[in-house]
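Residue-level listing of the chains:
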Amino acid sequence: MKEYSVAVVGATGMVGEEMASILEKRSFPIKKISFLASERSIGRTIHFKGEELPVNVLDKNSFRGIDIALFSAGGKVSREYAPIAVESGAVVIDNTSYFRMDEDIPLVVPEVNPEDITLYKNRGIISNPNCSTIQMVVALKPIYDNFGINRIVVATYQATSGAGRRAVDELIHETKAFFEFKLKDYEPAVFPHKIAFNCLPHIDVFFEDGYTKEEKKMMNETRKIFHNKDIRVTATCVRVPVIRCHSEAINVETEKAFDIEKVKQLIASQKGCKLVDDPDGSLYPLALDASGKDEVFVGRIRRDESIENGMNMWVVSDNLRKGAALNAVQIAEILIKQYL
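The rules behind the values
- Residues numbered from 1 in each chain as written.
- Predicted model: local features only at pLDDT ≥ 70, side-chain atom pairs only at ≥ 80, totals over all residues.
- Heavy atoms only, no water.
- Phe/Tyr/Trp six-rings, centres within 6.5 Å; stacked < 30°, edge-to-face > 60°.
- Helix = DSSP H or I, 4+ residues; strand = E, 2+ residues; numbered from the N terminus.
- Buried < 20%, exposed > 50% of the residue type's maximum accessible area, 1.4 Å probe, protein only.
- Pairing = 2+ DSSP bridges.
- Axes fitted to C-alpha atoms, helices over the stretch in contact; angles between N-to-C directions.
- Contact = heavy atoms within 4.5 Å.
- Disulfide = S-S within 2.5 Å.
- Parallel < 35°, antiparallel > 145°, perpendicular 65-115°, else oblique.
- Left-handed = near helix turned anticlockwise from the far one by under 90°.
- Nonpolar A, V, L, I, M, F, W, Y, C, P; charged D, E, K, R; others polar.

**Student:** Mind laying out the packing of aromatic side chains, listing which residues take part and the relevant values?
**Tutor:** For the coordinates displayed, the defined rule picks out 10 aromatic pairs. Ring centres of Y120 and Y339 lie 5.9 Å apart, and the angle between their planes is 70 degrees; this geometry places the pair in the edge-to-face category. Of this pair, Y120 sits in the loop between β6 (91–94) and β7 (125–127) while Y339 sits in the segment after α8 (321–338), and the two are 219 residues apart along the sequence. By relative accessible area, Y120 is classed as buried at 11%. Between F178 and F179 the ring centres are 5.1 Å apart and the planes differ by 90 degrees, which places this aromatic pair in the edge-to-face class. When its relative accessible area of 35% is taken as the criterion, F178 is described as partly exposed. These aromatic residues form a ring-pair network of at least three members: F178, F179 and F197.

What follows is the structure in C-alpha cells.
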C-alpha cells in the first residue's frame, strides 16, 4: 500500500491530538508524520505509534514533502498557511471556518456528499464543516434522500470542548469553586458568563440580525452540503456545562409524507448513524455515552403533530471526533483511495 506524508497543524490542541489518535487507530498509511504548532508548544511531544514525536514550530517551510495537511489551528493560521501548504504540493483538509463558504472549495461530510471531494482540484483545499452541522446532516441525510426537506429548526446544546481546552478548564474550575462555595467570586475568562450550572445562548459573535456566527454557520453550511439553497434553516446555538459531545433537538418539515417506523429504519441503516430510540427503556442518545465514539447517535424520533410532514429527533455526537478530527481523517481516506 502506498504511504503518505502527513502534517497535523495545531497538533497540541484538543482536535489536533484527536487527529493523531484517529490516524493511528485507523491505521492510516503514513510514511512520515509532522506535528506542527506555534512557538508556545516548543518542547512538547505527541505520542504516536509507541513513540514520543516532537512538535515542530509551524513556518513557511513546514510543508516540504507533505502530501496531506490537516489544519486545526484557527482561521488566521489557515488563511496564511493553507495556500503555502498547497503551493508546496499538499492537499489541505481544513477544520476552521475560513474557507467553508468559498464557492470553489468543497465542504464535505463523507457520509453525505463524498463526491464533492473531487473539487479539491480547484484550489487544493477541502473544508471540514462546523461540528454541529456535521452531526445534523449525517442524521438528516436519509430523510433528505427519501422524503426531501423543506425546513429545519435546530437548537443545539454544545459542549465546552468546542471552545477549546481553556474552556474545558474553566468549566472544571468553576464547578470546583461551586462546591467550595466560591463560585460567586470566580471571574470567567473564556465565556462571557459563568458556564458551570448554566446555559449560554451565545456561541461566537452576534450579527446585527440577532443571530450568532455559530448559528449562521449551521444555516449556510447545511444548504451548501445538500446543494440546496431553498432549504429553510434556523438555529439557536447554546453552550452547556458538558465537557464533550454536542446534543441537538432537530425539527424537520419534509416535502413528502413519511412513516415514523420507516424513518427509524432508514436512520438505523445510515452509514455513520446509530439508532438509540427506546423511550420505554429510558434509552436515547446521551453525551456521556457518545463520548469517544465515532457514530452520530439518533433517538427520540417522533411525529410533530403541529404541522403536516413534521418530525422531531434528538441527535448527539462527539464534537472532537465526528464533529472535527474523524471527519477530516475520513476525507483523507477517500482522498488517497480515489484521487491521490
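**Student:** Could you give me a rundown of the side chain of S247, with the residues and numbers involved?
**Tutor:** Mapped onto the elements of the fold, S247 is located in strand β10 (residues 246–254). In this structure S247 comes out as buried when scored by relative accessible area, which is 8%.

**Student:** Go over the pairing of strand β13 (residues 310–317) with me, naming the residues and quoting the values.
**Tutor:** Taking burial as the measure, the 8 residues of β13 include 7 buried ones, the bulk of the element. Sheet topology note: the β10/β13 ladder contains 8 bridges and is antiparallel. By the bridge assignment for β13, I250 is matched with M313. Across 6 bridges, the pairing between strand β12 (residues 296–303) and β13 is antiparallel. Within β13, the position partnered with R302 by the bridge is N312. Hairpin connection of β12 to β13: 6 residues between the antiparallel strands, including N309 at a positive phi of 60 degrees.

**Student:** Explain the sheet that holds β13 to me, using residue names and the numbers behind them.
**Tutor:** Spatially, the 6 strands line up as an open sheet ordered β9-β8-β10-β13-β12-β11, and their pairing is mixed. A single partner strand is all that each edge strand has here, and the edge strands are β9 (232–239) and β11 (273–275). Direction aside, the axes of adjacent strands within the sheet are offset by 20 degrees on average. Where helix α3 (residues 131–147) meets the sheet, it contacts β8 (149–158), β10, β11, β12 and β13, and its direction lies at approximately 30 degrees from that of β10. Where helix α5 (residues 213–226) meets the sheet, it contacts β8, β9 and β10, and its direction lies at approximately 145 degrees from that of β9.

**Student:** Can you lay out the state of the cysteines for me, pointing to particular residues and giving the numbers?
**Tutor:** For the coordinates displayed, the defined rule picks out 0 disulfides. Free cysteine: C199, not disulfide-bonded; nearest cysteine sulfur from C237 at 13 Å. Unpaired in this structure, C245 has its nearest cysteine sulfur neighbour in C131, at a distance of 11 Å. Using a relative accessible area of 1% as the deciding quantity, one classes C245 as buried.

**Student:** Would you mind going over the packing of α3 against α5 in detail, with residue names and values included?
**Tutor:** Each pair of packed helices can be described by the angle between their axes along with the distance between the axes. Contact geometry of α3 with α5 gives a least axis separation of 10 Å together with a crossing angle of 40 degrees. The angle between α3 and α5 falls in the class oblique. Relative to α5, α3 is oriented so that their crossing is right-handed. Residues C131, S132, T133, M136, V137, L140, K141 and Y144 of α3 lie in contact with α5, whose contacting residues are E214, K217, M218, E221, T222, I225 and F226. When its residues are assigned to classes, the contact of α3 with α5 shows 8 nonpolar, 3 polar and 4 charged.

**Student:** I'd like a rundown of the sheet that holds β7, residues and numbers included.
**Tutor:** Taken in spatial order, the 7 strands line up as β3-β4-β2-β1-β5-β6-β7 in an open sheet, and their pairing is mixed. One side of each edge strand has no neighbouring strand; the edge strands of this open sheet are β3 (45–48) and β7. The mean angle between the axes of side-by-side strands here comes to 25 degrees, regardless of whether they run parallel or antiparallel.

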